[in-house]
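Descriptive structure summary
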2 protein chains.
Amino acid sequence: MAATASTTPSSFIFRKTPKNQSFLKPESISVALTANRLAKPISLSCSATAASATQIQDRPPIQNQSQDRVFNFAAGPATLPENVLLKAQSELYNWRGSGMSVMEMSHRGKEFTSIIQKAEADLRALLKIPEDYAVLFLQGGATSQFAAIPLNLCQADDTVDCLVTGSWGDKAFKEAQKYCKPKVIWSGKSEKYVRIPAFDGLEQSPDAKYLHICANETIHGVEFKDYPVPKNGLLIADMSSNFCSKPVDVSKFGLIYAGAQKNVGPSGVTIVIVRKDVIGNARDITPVMFDYKIHAENNSLYNTPPCYGIYVCGLVFEDLLAQGGLEEVEKRNKKKAELLYNAIDESKGFYRCPVEKSVRSLMNVPFTLEKSELEAEFIKEAAKEKMVQLKGHRSVGGMRASIYNAMPLAGVEKLVAFMKDFQARHA
Amino acid sequence: MAATASTTPSSFIFRKTPKNQSFLKPESISVALTANRLAKPISLSCSATAASATQIQDRPPIQNQSQDRVFNFAAGPATLPENVLLKAQSELYNWRGSGMSVMEMSHRGKEFTSIIQKAEADLRALLKIPEDYAVLFLQGGATSQFAAIPLNLCQADDTVDCLVTGSWGDKAFKEAQKYCKPKVIWSGKSEKYVRIPAFDGLEQSPDAKYLHICANETIHGVEFKDYPVPKNGLLIADMSSNFCSKPVDVSKFGLIYAGAQKNVGPSGVTIVIVRKDVIGNARDITPVMFDYKIHAENNSLYNTPPCYGIYVCGLVFEDLLAQGGLEEVEKRNKKKAELLYNAIDESKGFYRCPVEKSVRSLMNVPFTLEKSELEAEFIKEAAKEKMVQLKGHRSVGGMRASIYNAMPLAGVEKLVAFMKDFQARHA
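Residues numbered from 1 in each chain as written. Chains lettered and ligands numbered in written order. Predicted model: local features only at pLDDT ≥ 70, side-chain atom pairs only at ≥ 80, totals over all residues. Heavy atoms only, no water.

For chain A, the name recorded in an unreviewed UniProt entry is Phosphoserine aminotransferase, with Rubroshorea leprosula as its organism. What UniProt records for chain A under Pathway (unreviewed entry) is the sentence "Amino-acid biosynthesis; L-serine biosynthesis; L-serine from 3-phospho-D-glycerate: step 2/3." In its Sequence similarities (unreviewed entry) section, the UniProt record describing chain A reads: "Belongs to the class-V pyridoxal-phosphate-dependent aminotransferase family. SerC subfamily." (UniProt positions renumbered as here; feature names shortened; annotations may be inferred.)

Topic: the overall build of chain A
When you go through chain A residue by residue, the secondary structure sums to 11 helices and 18 strands. Across the 427 residues that make up chain A, the buried fraction comes to 65%. Pairs at least 24 residues apart make up 67% of the contacts formed inside chain A by residues separated by at least 6 positions. Total accessible area computed for chain A in this model is approximately 15600 Å², and 52% of it derives from carbon and sulfur atoms. (Helix = DSSP H or I, 4+ residues; strand = E, 2+ residues; numbered from the N terminus. Buried < 20%, exposed > 50% of the residue type's maximum accessible area, 1.4 Å probe, protein only. Contact = heavy atoms within 4.5 Å. Areas by Shrake-Rupley, 256 points an atom, 1.4 Å probe, with all protein chains shown as cover.)

Considering the pattern of salt bridges
A full pass over the atoms with the stated rule returns 46 salt bridges over all chains. The closest approach of N and O atoms between E318 of chain A and K87 of chain A, which form a salt bridge, is 3.6 Å. Placement of E318 of chain A in helix 8 (residues 307–322) and of K87 of chain A in helix 3 (residues 82–92) is noted, with a sequence separation of 231 residues between them. Residue E318 of chain A is classed as partly exposed on the basis of its relative accessible area, which comes to 26%. K87 of chain A sits in the buried class, given a relative accessible area of 12%. A salt bridge links R96 of chain B to E91 of chain B; its shortest N-O distance comes to 2.6 Å. Overall, R96 of chain B belongs to the partly exposed group, its relative accessible area being 38%. E91 of chain B gets classed as buried once you look at its relative accessible area, which sits at 1%. Taken together, the shared-partner salt bridges connect K87, K118, D122 and E318 of chain A into one network. (Salt bridge = Lys/Arg side-chain N within 4 Å of Asp/Glu carboxyl O.)

Some details on the UniProt feature "domain: Aminotransferase class V" (unreviewed entry) in chain A
Taken from the UniProt record, the annotation "domain: Aminotransferase class V" (unreviewed entry) applies to residues 70–415 of chain A. End C-alpha atoms of residues 70–415 of chain A are separated by 12 Å, and the span's content is 32% helix alongside 17% strand.

Regarding the packing of aromatic side chains
All names here are of chain B. A full pass over the atoms with the stated rule returns 28 aromatic pairs over all chains. Between F350 and Y351, the aromatic rings sit 4.8 Å apart at their centres with planes inclined by 85°, giving edge-to-face as the arrangement. Comparing F350 with Y351 shows no difference in burial state: the two are buried. Measuring from centroid to centroid gives 5.9 Å for Y351 and F378, while their planes differ by 70°, and the two rings are edge-to-face. (Phe/Tyr/Trp six-rings, centres within 6.5 Å; stacked < 30°, edge-to-face > 60°.)

A word on the packing of helix 9 (residues 326–345) of chain B against helix 11 (residues 409–426) of chain B
All names here are of chain B. At their nearest, the axes of helix 9 and helix 11 sit 9 Å apart, and the two run at 5° to each other. Between helix 9 and helix 11, the crossing angle belongs to the class labelled roughly parallel. Contact with helix 9, carried on its side by K335, K336, L339, L340, A343 and I344, involves L409, V412, E413, L415, V416, M419 and K420 of helix 11 and no other residues of that element. Among the residues forming the contact of helix 9 with helix 11, the class breakdown is 9 nonpolar, no polar and 4 charged. (Axes fitted to C-alpha atoms, helices over the stretch in contact; angles between N-to-C directions. Parallel < 35°, antiparallel > 145°, perpendicular 65-115°, else oblique. Nonpolar A, V, L, I, M, F, W, Y, C, P; charged D, E, K, R; others polar.)

Brief notes about unusual backbone geometry
All names here are of chain A. Here G76 and P77 are connected by a cis peptide whose omega angle stands at -5°. Examined against the element boundaries, P77 turns out to sit in the loop between strand 5 (71–72) and helix 3. A positive phi angle, near 60°, is found at K192, a position not held by glycine. Residue position: K192 is located in the loop between strand 8 (181–187) and strand 9 (210–214).

Side note on the side chain of D161 of chain A
With respect to the helices and strands, the residue D161 of chain A is situated in strand 7 (residues 159–164). When residues no more than four places from it in sequence are discounted, the contact partners of D161 of chain A are K183, I185, Q204, S205, A208, Y210, L211 and H212 of chain A.

Quick notes on the sheet that holds strand 6 (residues 133–138) of chain A
Residues and elements named next belong to chain A. The strand order 6-14-13-12-9-7-8 describes an open sheet built from 7 strands, whose pairing is mixed. Two strands in the sheet have a free side with no partner beyond their single neighbour: strand 6 and strand 8. Put simply, the sheet's adjacent strands are angled 15° from each other on average, direction ignored. Pairing of strand 7 with strand 8 involves 6 bridges; the strand directions are parallel. Residue pairing in the sheet places T159 in a bridge with K181 of strand 8. (Pairing = 2+ DSSP bridges.)

As for the nonpolar core
Most often, soluble globular proteins have nonpolar side chains that are buried together. In this structure, F243, Y308 and F378 of chain A together with F243, Y308 and F378 of chain B are the most contacted members of the largest nonpolar core, which totals 198 residues. Those residues in contact with Y308 of chain B that sit more than four places away from it in its chain are L92, M103 and Y308 of chain A together with A88, L92, V102 and M103 of chain B. (Core = buried A, V, L, I, M, F, W, Y, C linked by side-chain atoms within 4.5 Å.)

Quick notes on the sheet that holds strand 13 (residues 255–259) of chain B
The strands that make up a sheet are held in pairs by hydrogen bonds between backbone atoms, and each pair lies either parallel or antiparallel. Residue and element names in this part refer to chain B. Spatially, the 7 strands line up as an open sheet ordered 6-14-13-12-9-7-8, and their pairing is mixed. In the strand order of this sheet, the two ends are held by strand 6 (133–138) and strand 8 (181–187), each with one partner. Within the sheet, the average angular offset between the axes of one strand and its neighbour, ignoring direction, is 15°. Taken together, the 5 bridges between strand 9 (residues 210–214) and strand 12 (residues 234–238) define a ladder with parallel strand orientation. Across the sheet, residue L211 finds its bridge partner in strand 12, namely L235. Against the sheet, helix 4 (residues 110–127) engages strand 6 and strand 14 (270–275), with an angle of about 130° to strand 6. Where helix 6 (residues 167–176) meets the sheet, its contacts fall on strand 7 (159–164), strand 8, strand 9, strand 12 and strand 13, and the angle it forms with strand 8 comes to roughly 155°.

Digging into the packing of helix 10 (residues 375–384) of chain A against helix 11 (residues 409–426) of chain A
Residues and elements named next belong to chain A. Two elements in contact, helix 10 and helix 11, have axes separated by 11 Å at closest approach and are oriented at 130°. For the element pair helix 10 / helix 11, the angle class is oblique. The element helix 10 and its partner helix 11 pack so that their crossing is right-handed. Across the interface between the two elements, E377, F378, E381 and A382 from helix 10 touch L415, F418, M419, F422, R425 and H426 from helix 11. By residue class, the composition of the contact of helix 10 with helix 11 is 6 nonpolar, 1 polar and 3 charged. (Left-handed = near helix turned anticlockwise from the far one by under 90°.)

Details of helix 3 (residues 82–92) of chain B
Most of helix 3 of chain B is tucked away, with 11 of its 11 residues classed as buried. For helix 3 of chain B, the set of buried residues is E82, N83, V84, L85, L86, K87, A88, Q89, S90, E91 and L92 of chain B.

Observations regarding the pairing of strand 18 (residues 399–402) of chain A
Residues and elements named next belong to chain A. Residues of strand 18 alternate between two faces, with M399 and A401 on one and R400 and S402 on the opposite face, all of them buried. In this sheet, strand 18 lies alongside strand 16 (residues 364–369) in antiparallel orientation, the contact comprising 4 bridges. The partner of F367 across the bridge, within strand 18, is M399.

Considering the environment of N242 of chain B
All names here are of chain B. With respect to the helices and strands, N242 occurs in the loop between strand 12 and strand 13. In the structure, N242 is positioned 162 residues away from Y404 in sequence and 7.8 Å away in space, judged by C-alpha atoms. A polar contact of 2.9 Å, which involves the side chain of N242, links it to the side chain of E223. (Polar contact = N/O pair within 3.5 Å; in protein donor to acceptor, adjacent residues only side chain to side chain.)

A few points about the side chain of T159 of chain B
In this fold, T159 of chain B is placed in strand 7. The class of T159 of chain B is buried, set by a relative accessible area of 16%.

This is how it looks when you write it as structure tokens:
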């Protein structure tokens, strides 16, 4: 049976079989039908035969989503594509007719197997990952990889070179000191991390097992635009904060690693792309959970992986492919970054970005106000305008706008307009 | 403006402001209003002014949830409370008016801070955790703790005792061999792990740093009903598969750890409850991510935690408190387990559980069929009846029904009825 109710300009068709009427209970549901941030969700309230008290107790209070989304400039966890969120929401209770949530699925069942296999296949397609590289979905963040990399690739006496262009590269160096003999061949610390050196001037160790870089420094906003060639050994990059933001020639690297929570998913998933021939040499003190061989042999299913996070990453990969792949994604990211950096550079010093122009990050844009006493006011007023998380990292202060893949152009345009208005009012 | 449309027996009220009409687009939404598994969701379709092609591409195909939930007997990841799933679904797109998903929140922002603090407070209330214990929300599963525990508590020459009552206790012993001198003081392996020894007969090492047990063996279905007292050092328990399934006197333990994905949340979250006075002695080869001191000092926020998983765990803790706490939860678990074990024991040998009655798990019920050639058929027919994941672990075969907190009594009743019917047809 179907009853139809018409409203202008939307028409609703309501279908329900007699069978389930007696199970409906008074409740109010609100679903986001928003095509963009300006739209209000549609709110329905449905009353019918009440079920038992127990059943009513079991019902959650459905949250109202009437508030618009904010523009979230957080450095990570960070904004995700709105359509990915809506798809995840629509599938959360019952994934594609499986009768269960992805959160409830056995990691060895056919449903989750299809999810992780598609996620890997889509990531391989996005980054054109060669067959001789393994893709691992792990846990523990980049911080775990700071230990796992030397444990898998080095003996205690091995030398590795570190090019330190920000706080994260420095952390990777410090953790490696526990397991091998890392050497800082260049550090931007004395200059407060505002540039990347010329590669030909680097004094690499002849016997270094690998050269480690942080491809994009989330805190300092310094990003490699091309990559040094190791004199010896492998090039290894922490790509946590610019992973899948642009095309990358994976074949130049021995290992790429990234926490998911900037560009490709929620926190709790760490992706490692490693050349297969360097797997299998872990030291005997390596925890089994840090051993690439174990995870590669078991297709990331040696133990229970972060299933739901991998599922959301898969939705993001699918979305990036639908956008036209990383070439298109990079175009959008360049456009957004150009808009913001221009606003800073054209502010006659009212706003300042300390980073050398040639290596400014497309992802994280740190800037200060000439009148630093206005920074708190800037952040407060921006938040009132639904632009949040613009405060710079506590270690450097100032402001930072993280504009990852999922930050819409409209978000950057709104920020730039706000910056100009703020300047006009406070110059 | 409000347009009202009445249908029988449900009435819908549809509110929408003129402002947002132009942003609505053709789409179909389906929302689970199910009070129980028999109810069908209500399906709405809404057509309105189409937005731009880009926006339409950005829209996800909303999945239809018309299929009922299955009864999922998986050992983990496992079934979650239906009302927790529905609440998570309702909040996924916009958490309580914050304008963002929990997946997008900075782990240092006020919103997530409130989430993790409430999760910890509710867990402390559930387990009555004393003040002198730290609660850590980590990553990497119990398998990471197999290494982290000796790295944090032992030097290389220290002895630790292991009571091995199943595969997981055996794995903990093997990993500890990398970092200290673990000794198996009792193993049930030769008997295929069907019992737990009398504690007074155990020959504990006088100088053992700790005594390790696996409180519930997920694969073999052996569960400690009380606990041995270490002659020296700490009692440490892997409670992954019976965490929060019953009250536990935390003060008897030096450390309790558990992967979340059985009773309290999705995979990707590992909870460690550790006595504060034993923190701070990690060996110099301990990865920073395995160092309890780092995580305790930073309230589990040293690096980005698995935020969304912690949020879902928090919803589960809230739900367990609402159910009356762990005393009530244990009553329900005992009733479910009794129903299932009785069906096995009263089957005149058609079904068999190998585990000694006094230590049978309330969470994982392994059983075999006398006519083992029927096992595949049993699993196939059960799946047709929407009872899934009943296959025993590949290492032991047979069947296993995991009946964690979130498995409704109705699920066990349905399984038992099916077992009796299956026996009647195949005896």
